[in-house]
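Structural description and commentary
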Amino acid sequence: MPSMSAEELFLPSTPGKFKDKSHSMQRQFHRCFASTSTMFLWALFLVALTAAYLSFVDSGSKYFNTAWGGIHWEKQVRASAQIHRTNGFSVLVTGAAGFVGSHVSLALRKRGDGVVGLDNFNNYYDPALKNARKELLNAHGVFIVEGDVNDAKMLARLFEIARFTHVMHLAAQAGVRYAMENPHSYIHSNIAGLVTLLEACKIAEPQPSIVWASSSSVYGLNEKAPFSESDRTDRPASLYAATKKAGEEITHTYNHIYGLSITGLRFFTVYGPWGRPDMAYFSFTRNILQGKAITVYRGKNHADLARDFTYIDDIVKGCVGSLDTAKKSTGSGGKKRGPAQFRIFNLGNTSPVTVPMMVGILEKHLKVKAKKNLVDMPGNGDVPFTHANISYARKEFGYNPTTDLQTGLKKFVKWYLSYYGYNHGNSVK
Ligand SMILES: O=C(O)[C@H]1O[C@H](OP(=O)(O)OP(=O)(O)OC[C@H]2O[C@@H](n3ccc(=O)[nH]c3=O)[C@H](O)[C@@H]2O)[C@H](O)[C@@H](O)[C@@H]1O
């Protein structure tokens, strides 16, 4: 490839009209820079232009991201954060357009708490579903800020506008197997994003109490069943699990150094209406209805895999119970003023069901037989089974899951059919 001259380098690479004018442009270029004094003036002008641009960028992403900032936006945040019950909370829910986030936001709003949502609406799965959840929340008076937990300026502004008593941090890069495809998205959301949020909470006045989503996947290669919070969690089987485990350690340091009250929740394979299309029960439903084959993984020696599938309403109760029993953070002015609460709870269902059994329940509710491909579990971060011991959450706030998989999947299928219909085509990712 022939090398470009210095003058050509100044030209944009876009084709079309611009290149047609290149000769006259070059002549002008020579004329403009003919004398050193003009050149000096041009240089000054360019420096001023660059400085103006940088200060413009620095003055807040609101100028670039129309999704946040401005008087109207602040008004919406204030209204949404408004508490409507005695001794109610004002809660920032991150990941509010997500599966668990939308359910928790709605539950809090319905009992009179102030709720401000935050979500980056990324396209890990169909954003139309996230938008539909957002519409639902909007209809109940919950405003969702479109933004990323990595945006420190936006977070600082949010904490200035609304004095959140609690943060329910559910924004995350979810999915166990996708971590092999896009590892950095896990670091971005589950580690960098978490730290950015904790930094904002640390300096907020008052410091909020934080409840956040860890995962049952932290138990990794643990074989002792059921899984108790005190079991080993130092052998994660996926990068996803490793980032959640890292989150548990990171939150501990913020609790220890800054006095933030922190509760981590280890969710066990949460399912239900408005769920995540990337999860097995959801994608199986779609494929079964479309007459496509589903892939069912099997463990060592062809053993069935099993999950402690937990229904969304039970998880919501666990989230709300955690918020209700969270003690206040003790820090102020970014400094710890006394020891603060630090808890980690399992939120599971305590009765694992095998994946083939889950498929059988779906077949029954959908009234369609699945075409199954049985495949040995690939080394992709999966674990053979999960099973929660929930006695700690039961003792602390009476956590008591009441929905079995039969009942829960029936509700899911009902929702799925009402939302997508029998013949929903390929609109779901
Ligand atoms: O409990 C948790 O901590 C985790 O639960 C789920 O992860 P997972 O249990 O792997 O849920 P699914 O992806 O829905 O898989 C459920 C079961 O179906 C199996 N599966 C999945 C996909 C598939 O095509 N075939 C198949 O047999 C998996 O091996 C697994 O045993 C969520 O996706 C995670 O975000 C969450 O943190």
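Chains are numbered independently. Their residues run from 1 in the order of the written sequence. Only residues with pLDDT of 70 or above have their local features reported here, since the model is predicted, and side-chain atom pairs are shown and tallied only from 80 upward, although totals for entire chains, interfaces and linings are computed over all residues. Working from all heavy atoms in the structure, the side-chain values ignore hydrogens and water.

Which entries qualify depends on this criterion: UniProt positions are given in the numbering used here, feature names are shortened, and annotations may be inferred rather than shown by experiment.
An unreviewed UniProt entry annotates the protein as UDP-glucuronate 4-epimerase originating from Salvia divinorum. Heading Subcellular location (unreviewed entry) of the UniProt record for the protein holds this comment: "Golgi apparatus, Golgi stack membrane". Turning to the protein, the UniProt record has this under Subunit (unreviewed entry): "Homodimer."

Things to note about the overall build of the protein
Selection criterion: Only DSSP runs of H or I with at least four residues qualify as helices, and only runs of E with at least two residues qualify as strands; both kinds are numbered from the N terminus onward. In this scheme, a residue with accessible area under 20% of its type's maximum is buried, one over 50% is exposed, and one in between is partly exposed, where area comes from a 1.4 Å probe on protein chains only. In this analysis, two residues are considered to be in contact whenever any of their non-hydrogen atoms come within 4.5 Å of each other. Reported accessibility uses the Shrake-Rupley method at a 1.4 Å probe radius. Residues are deemed covered only where the shown protein chains occlude them.
Scanning the protein from N- to C-terminus turns up 15 helices and 13 strands. The burial tally for the protein puts 51% of its 429 residues in the buried class. Sequence separation of 24 or more characterises 80% of the internal contacts of the protein that already satisfy a separation of 6 or more. By element, 58% of the accessible surface of the protein is carried by carbon and sulfur atoms, the whole surface being about 20,800 Å².

Topic: a positive patch on the surface
Inclusion rule: A patch is a set of surface residues, each over 30% in relative accessible area and not in a salt bridge, joined within 9 Å for like charges and within 5 Å for the nonpolar side chains Val, Leu, Ile, Met, Phe, Trp and Tyr. Note on definitions: salt bridges are taken to be side-chain nitrogens of Lys or Arg within 4 Å of carboxyl oxygens of Asp or Glu. Within this scheme the basic residues Lys and Arg register as positive and the acidic residues Asp and Glu register as negative, but His and the chain ends are omitted. Charged groups are reduced to one reference atom each: NZ for lysine, CZ for arginine, CG for aspartic acid, CD for glutamic acid.
There is a patch of like positive charges on the surface, built from K364, K367, K410 and K414. Structurally, K410 can be placed in helix α15 (residues 405–420). Taking the relative accessible area as the measure of exposure, K410 reaches 53% and is therefore exposed.

Description of helix α11 (residues 280–289)
Extensive coverage of α11 is indicated by the burial of 9 of its 10 residues. Y281, F282, S283, F284, T285, R286, N287, I288 and L289 are the residues of α11 that are buried. Where α11 is buried, its residues touch α6 (99–110), β7 (270–271), β8 (293–298), α13 (355–366) and α15. Directly after α11, the chain includes G291, whose backbone phi takes a positive value near 75°.

Thoughts on the packing of α6 against helix α12 (residues 312–325)
Selection criterion: Axis lines are fitted to C-alpha atoms, over the contacting stretch for helices. Their N-to-C directions set the angle, which ranges from 0 to 180 degrees. Note that the term roughly parallel is reserved for angles under 35 degrees, roughly antiparallel for angles over 145, roughly perpendicular for angles of 65 to 115, and oblique for everything else. The sense of a crossing depends on the near helix, which, turned anticlockwise from the far helix by less than a right angle, makes the crossing left-handed and, turned clockwise, makes it right-handed.
Packing of α6 against α12 brings their axes to within 10 Å, and their N-to-C directions diverge by 60°. Taken together, the axes of α6 and α12 are oblique relative to one another. Crossing of α6 over α12 shows right-handed handedness. Facing α6, whose interface residues are F99, V100, H103, V104, A107 and L108, α12 presents I312, I315, V316, C319, V320 and L323.

Details of the side chain of S215
Looking at the element boundaries, S215 is found in strand β5 (residues 209–215). Discounting residues that sit within four places of it in the chain, S215 has contacts with Y240, K244, L265, R266 and F267.

Thoughts on the site of the ligand
What counts, and what does not: Near is defined per residue: the residue qualifies when any heavy atom it owns lies within 4 Å of the molecule or strand. For this analysis, a polar contact is any N or O atom pair within 3.5 Å, provided that within protein one partner can donate a hydrogen and the other can accept it, and provided that sequence-adjacent residues contribute only side-chain to side-chain pairs. Three categories are distinguished: nonpolar for Ala, Val, Leu, Ile, Met, Phe, Trp, Tyr, Cys and Pro, charged for Asp, Glu, Lys and Arg, and polar for the others, with Gly belonging to the last.
Close to the ligand lie 22 residues, the nearest being R177, S215, Y240, T295 and D382. One of the backbone N or O atoms of T269 is found 2.7 Å from an oxygen atom in the ligand. At 2.9 Å from an oxygen atom of the ligand is found a main-chain nitrogen or oxygen belonging to Y297. In the complex, 92% of the free accessible area of the ligand, which totals 690 Å², lies under the protein chains. Ranked by residues supplied to the shell around the ligand, first place goes to β8 with 3 residues. Its residues assigned to classes, the shell around the ligand shows 12 nonpolar, 6 polar and 4 charged.

Brief notes about the pairing of strand β3 (residues 143–146)
The condition is simple: Strands are labelled as partners when DSSP assigns at least two bridges between them. We call a crossover right-handed when, viewed with both strands directed away from the observer, the connection leading from the first strand over the helix to the second proceeds clockwise.
As defined by bridge partners, strand β2 (residues 114–119) adjoins β3 across 4 bridges and the pair is classed as parallel. Paired with V116 across the bridge in β3 is F143. At this point the chain moves from β2, through helix α7 (residues 127–139), to the parallel β3, and the crossover so formed is right-handed.

A closer look at the packing of helix α9 (residues 183–203) against helix α10 (residues 239–258)
It is the contact of α9 with α10, at a shortest axis distance of 10 Å, that shows an interaxial angle of 15°. In terms of orientation, α9 and α10 fall into the roughly parallel class. Here α9 runs over α10; the crossing is right-handed. Together, P183, Y186, I187, N190, I191, L194, V195, L198, E199 and K202 of α9 and L239, Y240, T243, K244, A246, G247, I250, T251, Y254 and Y258 of α10 make up the contact between the two elements.

Looking at the sheet that holds β2
Ordered by their spatial adjacency, 7 strands build an open sheet running β3-β2-β1-β4-β5-β6-β11, and the pairing between neighbours is parallel. Since the sheet does not close on itself, it has two edges, and those belong to β3 and β11 (342–347), each with one partner. Between one strand axis and the next, the sheet turns by 20° as a mean value, whatever way the strands run. Looking at chain direction, β5 and strand β6 (residues 262–267) are connected through 6 bridges and run parallel. Looking across to β6, one finds that S215 is bridged to F267. Here helix α5 (residues 71–81) sits on the sheet in contact with β1 (90–94), β2 and β3, set at roughly 130° to β2. Sheet strands in contact with helix α8 (residues 152–161) are β1, β2, β3 and β4 (166–169), and its direction is about 175° off that of β2.

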